[in-house]
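Here is how the chains run, residue by residue.
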Amino acid sequence: MVAVLDLVTHDRAAPSAPAVSVAGRETLTYGELAGLVGGVERLLRHDSKALVVCAGDRDLATLLTYLAALRLGHAVAFLPSSREVLAAYRPEFVVPAPGTEDDLPALGYRPAETAGVRVFRRHRTSTADIHPDTGLLIATSGSTGSPKAVRLSYSGVAANSAAVVRALGITSADCAPTTLPITHAYGLSVLNSHLLAGATIMLSGRSPLSLAMWDELTRAGATSFAAVPTTYAAYGPAHEKLLARTRIRTMTQSGARLPDETALRLWQTMARRDGRFFVMYGQTEATSRIACLASEDLPAHLGSVGVAVPGGTITIEPGPARHGGKPGEGAVHYRGPGVMLGYATGRADLSRGDEVTVLDTGDLGYLVDGYLYLTGRTKRIVKVLGVRVSLDDLEHQVARPGHPTAIVSDEDDFLRLVGAGDPAVHREQCGQLAALLGVPGRHVVFQPVERLPQTPGGKIDYQALAAGEREHGRSGSDIGGGTDGLATALRSGA
């Protein structure tokens, strides 16, 4: 039996309740939204479970197509409508991003339209079956633009969304703006959880830091705000003044590590408004959220990403000790209904069922009374002259406000510090790194850049930096320096 998910008609929201607020038009009620979704359903009718590629983002056409496909039990792929993706997956339907539909007729797709939604249907259907519970395909943070995607189940999407509703206490009185791309797990989770709770979505594609976005969310009566650390890093006094005009009482953060001082500042800001600030942790491979640190757990558990969301379990698998590692540190594993089915790179993979029982997150961390503290990535553990270290931990130790820094390694015992701030400060960081590791200064190389590359989710794009390292080498770079006395003191625990 094919699974379905209806986020439009349910007992948590009356047909007359507000569902979607779109700038420049009246707010759609749940009844009106259901009518529009029904129209798109007619365009997506198919004699078997189909694949629908949604290449748009925070626009009404993408939202309506997504909701219609879920009600029909189709699989939705939030992937670009590139020739590479279309050739790999052979979708039955495509909703392209604006201005990218010219190639579709030549690839065998014919358009049909209703209520401003233009759907391209494949003239020749695929013979490859799709597993009944396959619900979503979402690119991982490092694979955007390529055919590689995470396969998520209908049951996982429903369960994880319900867990987020419980963890955050979302109700039908809430209104959430789309401050994040809905083509990625965190932004889509905001959408799913609020619709599941019968709340209102404020649909906007503007930057979460822009004056226009804040004007829109103020007029829409938004009650929550979700963002990644790079957004909160730029959140300053001007935004606090804008916040004072809003009804926002809940702020959430996920996507990457949030500096402790930033988390504390945001918690204090919301506490003054009698509001709440949540630190969250998740991955696309877990549908979205894995852990949540409730507002009332701050500041006592500052630095933690919280406890497992309802229905989930976090365990730590011990591994080899590393220099400066925390007691009980190991690989973070997650069990829960939101764990992915597996990965996909093409149509044939969609027929496969559940292949993952326990998710190895790739993160390092430790637990204290159930609270998870992350310390780095397992793939970012390297050896420098025999010393096993975490590059993420080193970044945290040498971090300087206002001086973005990333550390990568090559295969011959050298570290490369990539800096987008004051070169003098970054050279000091190089010396500090050499001292921390107790290695000669020539083993730490400085590379200045105008800005650090980022993934769409707001994380540092280490894959891009690694590629740059292969091209850059060590020629033309500045060399850092070390302090043997400090290294000795660090090793002795002083």
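One structure accompanies this document, and this report is about it. Please read all numbers here as calculations on a predicted model, not as lab measurements.

So, on to the overall build of the protein. Across its full length, the protein holds 13 helices and 27 strands. Expressed as a percentage of the 494 residues in the protein, the buried residues total 55%. Entry remark: accessible area of the protein is about 20600 Å², with carbon and sulfur atoms responsible for 52%.

Among the secondary structure elements, Ala115 is positioned in the loop between β6 (109-114) and β7 (117-122). The spacing of Ala115 and Val40 is 75 residues in sequence and 8.1 Å in space, taken between C-alpha atoms.

With that settled, the discussion passes to the pairing of strand β25 (residues 415-419). Most of β25 is tucked away, with 5 of its 5 residues classed as buried. Where strand β24 (residues 405-409) meets β25, 5 bridges bridge the pair, whose relative direction is antiparallel. In the sheet register, Val408 faces β25, and the bridge partner there is Arg416. Here β25 runs beside strand β26 (residues 444-448); their pairing, made up of 5 bridges, is parallel. Looking at β26, one finds that Arg416 is bridged to Val445. What joins β25 to β26 is helix α11 (residues 423-437), and the crossover it makes is right-handed.

Here Thr269 shows up in helix α9 (residues 260-272). Accessibility expressed as a relative area gives 4% for Thr269, which makes it buried. Discounting chain neighbours no more than four positions away, the residues touching Thr269 are Glu240 and Leu243.

With that out of the way, let us pick up empty space enclosed by the protein. Tallying each qualifying case throughout the model produces 3 cavities of 30 Å³ or more. There is about 140 Å³ of room inside the largest cavity. If you go around the largest cavity, you meet 19 residues; those closest to its centre are Leu168, His194, Ser224, Thr250 and Thr252. For the lining of the largest cavity, the elements supplying multiple residues, two or more each, are α4 (154-168), β10 (175-177), α5 (185-196), β12 (224-227) and β13 (250-253). No other element matches the 4 residues that α5 contributes to the lining of the largest cavity. The residue makeup of the lining of the largest cavity, split by class, is 8 nonpolar, 8 polar and 3 charged. What the second largest cavity holds in volume is close to 50 Å³.

Using the criterion set out here, one finds 7 aromatic pairs in the structure. Joined through ring pairs, the aromatic side chains of Trp214, Phe225, Tyr232, Tyr235 and Phe277 make up one cluster. Directly above the aromatic system of Tyr343 lies the positively charged group of Lys148, at a separation of 4.6 Å from the ring centroid.

What follows covers the packing of helix α2 (residues 60-72) against α5. Axis separation between α2 and α5 bottoms out at 13 Å; the angle between their running directions is 60 degrees. Of the possible angle classes, the one that applies to α2 and α5 is oblique. The element α2 and its partner α5 pack so that their crossing is right-handed. Counting all contacts with α2, which are made through Leu63, Tyr66 and Leu67, the residues of α5 involved are Leu188, Leu191, Asn192 and Leu195.

Our next topic: the nonpolar core. Counting residues in each nonpolar core, the largest one holds 105 residues, and the members touching the most others are Leu44, Tyr66, Leu67, Leu136, Met251 and Phe277. For this core, the element with the most residues is α2, which contributes 10 residues. Setting aside residues up to four positions removed in sequence, Met251 forms contacts with Phe225, Tyr232, Tyr235, Leu243, Leu266, Met270, Arg276, Phe277 and Phe278. Leu51, Leu79, Ala88 and Tyr89 belong to the second largest nonpolar core, which has 19 residues in total.

Rules used in this analysis
- What you see as residue numbers is a count from 1 along each chain, following the sequence as written.
- Reporting in this predicted model follows two pLDDT cut-offs: at least 70 for local features of residues, and 80 or more for side-chain atom pairs to be given and counted; totals over whole chains, interfaces and linings ignore these cut-offs and use all residues.
- By convention in this description, side-chain values take in all heavy atoms of the structure and omit both hydrogens and water.
- Elements are defined by DSSP. Helices are runs of H or I of four residues or more, strands are runs of E of two residues or more, and each kind is numbered from the N terminus.
- Remark: exposure states derive from per-residue accessible area (1.4 Å probe, protein chains only) relative to the maximum for the residue type, with buried under 20%, exposed over 50%, and partly exposed in between.
- Accessible areas in this description were obtained via Shrake-Rupley with a 1.4 Å probe; residue shielding takes into account the shown protein chains only.
- Think of it this way: DSSP has to see at least two bridges between two strands before they count as a pair.
- With the strands aimed away from the viewer, a crossover counts as right-handed if its path from the first strand over the helix to the second runs clockwise.
- Contacts are assigned to residue pairs with any non-hydrogen atoms lying within 4.5 Å of each other.
- Space inside and on the surface of the protein is sampled on a 1 Å grid over the protein atoms alone, with a cavity defined as a set of points where a 1.4 Å probe fits but cannot get out and a pocket as an open set with protein on both sides within 12 Å along at least 5 of 7 lines; lining residues have an atom within 4 Å of a point.
- Grid points are joined across faces, edges and corners, and a volume is the space filled by probe spheres set on the points.
- Under the scheme applied here, ten amino acids are nonpolar (Ala, Val, Leu, Ile, Met, Phe, Trp, Tyr, Cys and Pro), four are charged (Asp, Glu, Lys and Arg), and all others, including Gly, are polar.
- Between 30 and 60 degrees the pair is tilted, below 30 it is stacked and above 60 it is edge-to-face, where a pair is any two Phe, Tyr or Trp rings, Trp via its six-membered ring, whose centres lie within 6.5 Å.
- Our definition puts a charge over a ring when NZ of Lys or CZ of Arg is within 6 Å of the ring centre and also within 35 degrees of the ring normal.
- Note on method: axes are straight lines fitted to C-alpha atoms, helices fitted across the in-contact stretch only, with angles between N-to-C directions ranging 0 to 180 degrees.
- Angles below 35 degrees are treated as roughly parallel, those above 145 as roughly antiparallel, those between 65 and 115 as roughly perpendicular, and all remaining angles as oblique.
- Should the near helix be turned anticlockwise from the far one by less than a right angle, the crossing is left-handed, and should it be turned clockwise, the crossing is right-handed.
- The term nonpolar core refers to a set of buried residues drawn from Ala, Val, Leu, Ile, Met, Phe, Trp, Tyr and Cys, joined through side-chain atoms within 4.5 Å.

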